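For reference, the chains in residue letters:
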Amino acid sequence: MSAAQSGRKSELSWLNLMFCAMVLWSHSSSYALTHLDHSSWAYALVFSLQRVCFISVYGFFFLSGLKLTLSKKKPPLLTFWKRRANTILLPYCLAVAVYYYWFCKVIGWLTPSLSGYLGFLIRGDLSAQFYFVVVLVQFILLTPLMQRLAEYSPALLLTAAVLISLLSNMYFNDILNVFVPGAWFPYSDRIFSSYLVYYLAGCCAGRRYGDFLAMLEKNRGIIAGGTLCVILSDLVFCWFGYARQRPIPFAVPVAMLHYLSATLLCFLVALRLPKRMPRWLAEVDRTSFLIYLYHVLALLAIDKVLDHFGIHKVSVHFLFRASFVYLATPLAGIIWQHLWAAVKEKFVRPKAV
């Protein structure tokens, strides 16, 4: 069933797939970035593509906020939280358990313990992508506040959100030290305030969806041109910062502008894609959260296989990693969803009388 047939807005499904594909690229290209010569054109190309794909997580926050306020029908808060627990929190808990088993029993890097598992679960640092879920759960708990804030003027609201996000990203521990001298919190990158502007921008867009689409179309030229200029600037600054090890004190606000503008550009692209999504892509769209959770495990598995066979050439290693993660994780997710749907149909749902 296509996105249009299922009642889901096709542009949101296309956006979801775009961001999912970007996440897979970001992590599948990590081996190449680690082993390529930093002065080579190949490194510059992979580095640039990875940096552009970094918008994916911020785009997911935008989409989450948009979907929260898009529907005029608001279920009771406890019902909403229960649904999110079933669709986000429980799959995340299972995924952390699977990764924990891998690192304990397969790799032997960790010693299994309940406290160890719970620590990784709360911190979201067992695998690179888990921090997103930790932050998303915070936004879900703050749903009443987010819905209320979305009713205010977007110009004033997002101006304040930009300032809060910048302060949280750049000075969280400095602010903390004002109240608790000498304190240091190493997980400020998974506090909701650091991503507030992206989530609230989505909330504002969802609450005024028609006006938001009209704004995109009216300003499509400046959005496209401005975004390309911002992305190029961000790439240049990041190149000097990471590859040349030069301090870039304004890197965070430039990156924020990059992520916000690129999300709007992706939205413009999604609006021009077919309204009827192919069935197989709709299946991938529906399993995208599972892909997000487990794609790093797929990369760890293929890395182990490649190492076993002594395949270390960067280009070959990269092709195997990318091919495997783009094929195996969507396929596994789709198969799992069909199996789980069959189980629920047979054992969970009550039989018709």
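Residues numbered from 1 in each chain as written. Predicted model: local features only at pLDDT ≥ 70, side-chain atom pairs only at ≥ 80, totals over all residues. Heavy atoms only, no water.

Asks: Quick question: what am I supposed to make of the overall build of the protein here?
Replies: From N to C terminus, the protein includes 16 helices and zero strands. In terms of overall dimensions, the protein is globule-like: its C-alpha atoms have a radius of gyration of 21 Å, near the 20 Å expected for 353 residues. Counting only C-alpha atoms and orienting by the principal axes, one finds that the protein spans roughly 70 × 55 × 50 Å. Expressed as a percentage of its 353 residues, the buried residues of the protein come to 45%. In the protein, the share of contacts with a sequence separation of at least 24, taken over all contacts with a separation of at least 6, comes to 81%. Summed over its atoms, the accessible surface of the protein is roughly 18,800 Å², and 70% of this surface lies on carbon and sulfur atoms. Across the protein, the 32 positively charged side chains and the 14 negatively charged ones have centroids separated by 8 Å. (Helix = DSSP H or I, 4+ residues; strand = E, 2+ residues; numbered from the N terminus. Rg over C-alpha atoms; globule rule 2.2 N^0.38 Å. Buried < 20%, exposed > 50% of the residue type's maximum accessible area, 1.4 Å probe, protein only. Contact = heavy atoms within 4.5 Å. Areas by Shrake-Rupley, 256 points an atom, 1.4 Å probe, with all protein chains shown as cover. Lys, Arg positive; Asp, Glu negative; His and termini not counted. Charge placed at Lys NZ, Arg CZ, Asp CG, Glu CD.)

Asks: Before we go on, may I ask you to explain the packing of aromatic side chains in this structure?
Replies: Centre distance and the angle of the planes are the two values used to describe a pair of aromatic rings. Here the structure, examined in full by the defined rule, presents 33 aromatic pairs. Ring centres of Phe 61 and Phe 139 lie 5.9 Å apart, and the angle between their planes is 65°; on these two criteria the pair is classed as edge-to-face. Here Phe 139 lies in helix α7 (residues 131-141) and Phe 61 lies in helix α4 (residues 55-70), a separation of 78 residues in the sequence. Exposure remark for Phe 61: the relative accessible area of 0% places this residue in the buried category. (Phe/Tyr/Trp six-rings, centres within 6.5 Å; stacked < 30°, edge-to-face > 60°.)

Asks: When you look at helix α1 (residues 10-28) in this model, what are you seeing that I'm missing?
Replies: In an α-helix, one turn spans 3.6 residues, which is why side chains three or four residues apart end up on the same side. With 19 residues, α1 extends 27 Å between its outermost C-alpha atoms, agreeing within 8% with the 27 Å of an ideal straight helix rising 1.5 Å per residue. Taken across its 19 residues, α1 has 17 buried, putting it largely inside the fold. (Expected span 1.5 Å × (residues − 1).)

Asks: What's the story with the nonpolar core in this structure? I'm lost.
Replies: When a protein is soluble and globular, its nonpolar side chains tend to lie buried together. Within the largest apolar cluster, 91 residues are counted, with the highest numbers of intra-cluster contacts made by Phe 61 and Phe 267. The residues contacting Phe 267, other than those within four sequence positions of it, are Glu 11, Leu 12, Leu 15, Phe 62, Leu 66, Tyr 209, Phe 212, Leu 213 and Leu 216. The next biggest cluster of nonpolar side chains, apart from the first, holds ten residues, and it includes Ala 32, Leu 36, Tyr 43 and Val 314. (Core = buried A, V, L, I, M, F, W, Y, C linked by side-chain atoms within 4.5 Å.)

Asks: Whenever I open this one, the packing of α1 against helix α15 (residues 288-308) confuses me. Can you help?
Replies: In helix packing, the relevant descriptors are the interaxial angle and the interaxial distance, both defined with respect to the helix axes. Running from N to C, α1 and α15 point in directions that differ by 10°, and their axes come no closer than 10 Å. Considered as vectors, α1 and α15 are oriented roughly parallel to each other. From α1, Asn 16, Cys 20, Val 23, Leu 24, His 27 and Ser 28 reach across to α15, where they touch Ser 288, Ile 291, Tyr 292, His 295, Val 296 and Leu 299. Looking at the contact of α1 with α15 residue by residue, the classes come out as seven nonpolar, five polar and no charged. (Axes fitted to C-alpha atoms, helices over the stretch in contact; angles between N-to-C directions. Parallel < 35°, antiparallel > 145°, perpendicular 65-115°, else oblique. Nonpolar A, V, L, I, M, F, W, Y, C, P; charged D, E, K, R; others polar.)

Asks: So what exactly am I meant to see when it comes to the environment of Arg 83 here?
Replies: Along the chain, the position of Arg 83 falls in helix α5 (residues 77-106). With 55 residues separating them in the primary sequence, Arg 83 and Ser 28 have C-alpha atoms 31 Å apart.

Asks: Just to check I follow, could you spell out the environment of Trp 280 for this structure?
Replies: With respect to the helices, strands and loops of the structure, Trp 280 is situated in helix α14 (residues 279-286). Residue classification places Trp 280 among the exposed positions, given a relative accessible area of 58%. C-alpha separation for the pair Trp 280 and Ile 334, spaced 54 residues apart in sequence, amounts to 9.3 Å.

Asks: Any chance you could explain the side chain of Ser 29 here in plain terms?
Replies: One can find Ser 29 in the loop between α1 and α2 (30-35). There is a polar contact of 2.8 Å between the side chain of Ser 29 and the backbone oxygen of Trp 25. In this structure the side chain of Ser 29 is engaged in a polar contact, spanning 3.5 Å, whose partner is the side chain of Gln 50. In this structure, Ser 29 is in contact with Val 46, Gln 50, Phe 318 and Arg 321, ignoring residues within four places of it in sequence. (Polar contact = N/O pair within 3.5 Å; in protein donor to acceptor, adjacent residues only side chain to side chain.)

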